[in-house]
Amino acid sequence: MTLNSMAPLEPVIGVIGTGYLGTTHAACMAELGFEVVAQDQSRERVARLASGELPFYEPALAELVRRHTASGRLRFTADVADVAAAADVHFLCVGTPQAGEGMAADTSQVFAAARALAMCLERDALIVGKSTVPVGTTEALAAELAPLAAPGIEVEVAWNPEFLREGHAVDDTLRPDRLVLGVSSGEAEKALRQIYVDVIRDGAAVVVTDPATAELVKVAANAFLATKVTFANLMGELCEAAGADVTTLAESIGLDPRIGPQFLGAGLGFGGGCLPKDLRALIARADELGVGHARRLLGVVDEVNEGQRVRTVETAVELCGGSVAGVRIAALGAAFKPGTDDVRDSPSLAVAARLRDLGAIVTVHDPHANDNARAVEPDLCFAATPEDACRGASLVVLLTEWEELVRLDPRELRPYVAVPRMLDARNALDPQRWQLAGWEHRGFGRSSDRAQLSVGSRVRETELMQ
Ligand code: UDX
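Please read these numbers as outputs of a predicted model, since none were measured by experiment.

## Looking at the side chain of Thr-209
Take Thr-209: it is sitting in strand β8 (residues 205-209). Judged by relative accessible area, which is 17%, Thr-209 ranks as buried. Separated by 3.3 Å, the side chains of Thr-209 and Asp-210 make a polar contact.

## Remarks on the environment of Ala-125
Within the secondary structure layout, Ala-125 lies in strand β5 (residues 125-129). In this structure Ala-125 comes out as buried when scored by relative accessible area, which is 0%. On a C-alpha basis, the gap between Ala-125 and Gly-102 in space is 35 Å, while along the polypeptide they are 23 residues apart.

## Points about the site of the ligand
Among the 20 residues in the neighbourhood of the ligand, the closest are listed as Phe-163, Leu-164, Glu-166, Gly-265 and Lys-337. Here an oxygen atom of the ligand sits 3.3 Å away from a polar atom, N or O, in the main chain of Leu-264. The separation between an oxygen atom of the ligand and a polar side-chain atom of Lys-337 is 2.8 Å. For the ligand, the protein covers 89% of the area, taking 670 Å² as the surface of the free molecule. A total of four residues in the shell around the ligand trace back to one element, the largest contributor, which is helix α11 (residues 211-242).

## Considering the packing of aromatic side chains
Across all of its chains, the model carries two aromatic pairs by this definition. For the pair Tyr-20 and Phe-56, a centre-to-centre distance of 4.3 Å together with 35° between the ring planes defines the contact as tilted. Taken together, the positions of Tyr-20 in helix α2 (residues 20-31) and Phe-56 in the loop between α3 (43-50) and α4 (61-71) put the pair 36 residues apart, joining distant regions of the chain. Comparing Tyr-20 with Phe-56 shows no difference in burial state: the two are buried. With a centroid separation of 4.9 Å and an interplanar angle of 75°, the aromatic rings of Trp-434 and Trp-439 are classed as edge-to-face. The residues Trp-434 and Trp-439 share a single accessibility class, namely buried. Over the ring of Phe-163 we find Arg-178, and its NZ or CZ is 3.7 Å from the ring centre.

## Section: the pattern of salt bridges
Tallying each qualifying case throughout the model produces 35 salt bridges. As a salt-bridge pair, Glu-53 and Arg-48 come within 2.9 Å of each other at their nearest N and O atoms. In this structure, a network of salt bridges that share partners links the residues Arg-280, Asp-302, Glu-306, Arg-309 and Asp-345.

## A look at unusual backbone geometry
The backbone of Ala-60 sits at a positive phi, close to 75°, despite the residue not being glycine. On the basis of relative accessibility, which here comes to 47%, the residue Ala-60 falls in the partly exposed class. Backbone geometry at Phe-263 places phi at a positive 60°, although glycine is not the residue there. On the basis of relative accessibility, which here comes to 36%, the residue Phe-263 falls in the partly exposed class.

## Digging into the sheet that holds strand β9 (residues 328-332)
The pairing of strands in a sheet comes from backbone hydrogen bonds and takes either a parallel or an antiparallel form. A sheet is described by the order of its strands in space; here six strands give the open sequence β11-β10-β9-β12-β13-β14, paired in parallel fashion. The open sheet has two free edges, formed respectively by β11 (381-382) and β14 (440-442), since each of these has just one partner strand. Bridging between strand β13 (residues 421-424) and β14 involves three bridges; their strand directions are parallel. Looking at the pairing, Leu-423 lines up with Arg-442 of β14. Packed on one face of the sheet, helix α14 (residues 292-319) meets β12 (395-398), β13 and β14 and runs near 165° to β13. In the packing of helix α15 (residues 347-357) onto the sheet, the strands contacted are β9 and β10 (361-365), and the crossing angle to β10 comes to about 160°.

## Some thoughts on the domain arrangement of the protein chain
Along its sequence, the protein chain is organised into domain 1 (3-205), domain 2 (219-303) and domain 3 (316-465). One C-alpha centre belongs to domain 1, the other to domain 2, and the line joining them spans 30 Å. Opposite the eleven residues of domain 1 that make contact, domain 2 presents eleven residues. Our enumeration of links across domain 1 and domain 2 arrives at zero salt bridges. Inspection of the region where domain 1 meets domain 2 yields four residue pairs in polar contact (both at pLDDT 80 or more).

## Considerations on the environment of Ala-140
By secondary structure assignment, the location of Ala-140 is in helix α7 (residues 137-145). Exposure remark for Ala-140: the relative accessible area of 37% places this residue in the partly exposed category.

## Some words on the packing of α11 against α14
One way to put it is that α11 packs onto α14 with a least axis distance of 9 Å and a crossing angle of 55°. By the angle between their directions, the pair α11 and α14 is classed as oblique. For the element pair α11 and α14, the recorded crossing hand is left-handed. Seen from α11, the contacting residues are Ala-223, Ala-226, Thr-227, Thr-230, Asn-233, Leu-234, Glu-237 and Glu-240; seen from α14, they are Leu-298, Val-301, Val-304, Asn-305, Gln-308 and Arg-311. Taken together, the residues that form the contact of α11 with α14 break down as six nonpolar, five polar and three charged.

What counts as what
Residues numbered from 1 in each chain as written. Predicted model: local features only at pLDDT ≥ 70, side-chain atom pairs only at ≥ 80, totals over all residues. Heavy atoms only, no water. Helix = DSSP H or I, 4+ residues; strand = E, 2+ residues; numbered from the N terminus. Buried < 20%, exposed > 50% of the residue type's maximum accessible area, 1.4 Å probe, protein only. Polar contact = N/O pair within 3.5 Å; in protein donor to acceptor, adjacent residues only side chain to side chain. Near = heavy atom within 4 Å. Areas by Shrake-Rupley, 256 points an atom, 1.4 Å probe, with all protein chains shown as cover. Phe/Tyr/Trp six-rings, centres within 6.5 Å; stacked < 30°, edge-to-face > 60°. Lys NZ or Arg CZ within 6 Å of the ring centre and 35° of its normal. Salt bridge = Lys/Arg side-chain N within 4 Å of Asp/Glu carboxyl O. Pairing = 2+ DSSP bridges. Contact = heavy atoms within 4.5 Å. Axes fitted to C-alpha atoms, helices over the stretch in contact; angles between N-to-C directions. Domains from an automatic or database assignment. Parallel < 35°, antiparallel > 145°, perpendicular 65-115°, else oblique. Left-handed = near helix turned anticlockwise from the far one by under 90°. Nonpolar A, V, L, I, M, F, W, Y, C, P; charged D, E, K, R; others polar.

Here it is, written out as structure tokens:
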């Protein structure tokens, strides 16, 4: 295969799958100046995207999609043959959800999409996987695709995992920390470097490796982040038992550059469409490969994380005097984290639903995720404002730390509730501020009755005295 046949100087980019990942990648490739054809099997989704409407909430993305559908650089199709005919480099961005039974990832969409594409190809092509897959997928895919392409047409498969966070998807794609290029040939590396030339010029680190390592880098990164959150939660449990404060502990250990401050937020734990299922898929793959220690460590991470949801519900029950039956509870937040309307495996929604199952009258308010949450949990009540959710409540639970919820004024919220009692499941509020306004405040892993001087304020004090 020659570079020219695989990726001409101005390659046309194909994107298969238009979920969070595919839509963001397609719009960002158009922003980088390429002509892009993005395909999805859902005609309804294609029609919405073509008219510039996003089927989900993601800051800055709708504007990019509208700009480039208008400029003609980005178009959407339901027909994979359109992509095969137009594009030179094809990015696979379809979902790899947790399989129906067990923990493994279901890669059937990846294989089905690649097979369909390979059968329509009219010239040599580079297929680049971006979805998160179990290690070994690229090799299996390459073996399966080779005989499917028409005689004389060569197909190379590479893996270039995506690290974008929901809520920051556009920025993470245009200005990533690193690009991991899992390639089997110098030609594929050259083609990908050419596509990402501006991103590399803007400072992204480039790691060139084999596809198996690239596949593992992605799941390892997510498993490490999950482990870090779970470590913070274990320390929170210890702090609670010992009368210490996990927020100060996390701030203090995070000042060590070898540890770093991020992903040490103890509380309700991680969720979403990636971290939990990628962790479980890695556990399943470690099992298949007979790597027992990895399986055990990551199994505990998953278990502790699920346990945080139970702890939160138990704390709510305790605060309500042993039972929540008939108790009015305001659940602030339903999305799995701020900045998104995604409620997939959301700890916040799981806690609200569990409290409802225990007999509480739960009203949920999320600034962007009410509709998605209602679709999953139609029996919950929803309110358009935090004040409406809090009306008559004997307990308010902060479940997702949206900025507008964290900034709520406890004095202004006070008249809406029956009992001023706050369970801050994300340790996002200032306990003193809420206590001074007359609220009972309970965080996670912190002694809320003792005034805590944070490390941040001590550092600032030291600076002021110098
Ligand atoms: C994650 C990875 O960050 C990203 O690189 C990958 O491509 C996809 O998966 P995302 O799912 O958008 O991205 O969520 P992220 O911002 O990583 O947060 C994951 C979860 O961890 C959230 O539920 C969040 O609330 C939780 N979290 C995060 C904590 O509980 N404590 C923290 O300190 C940080």
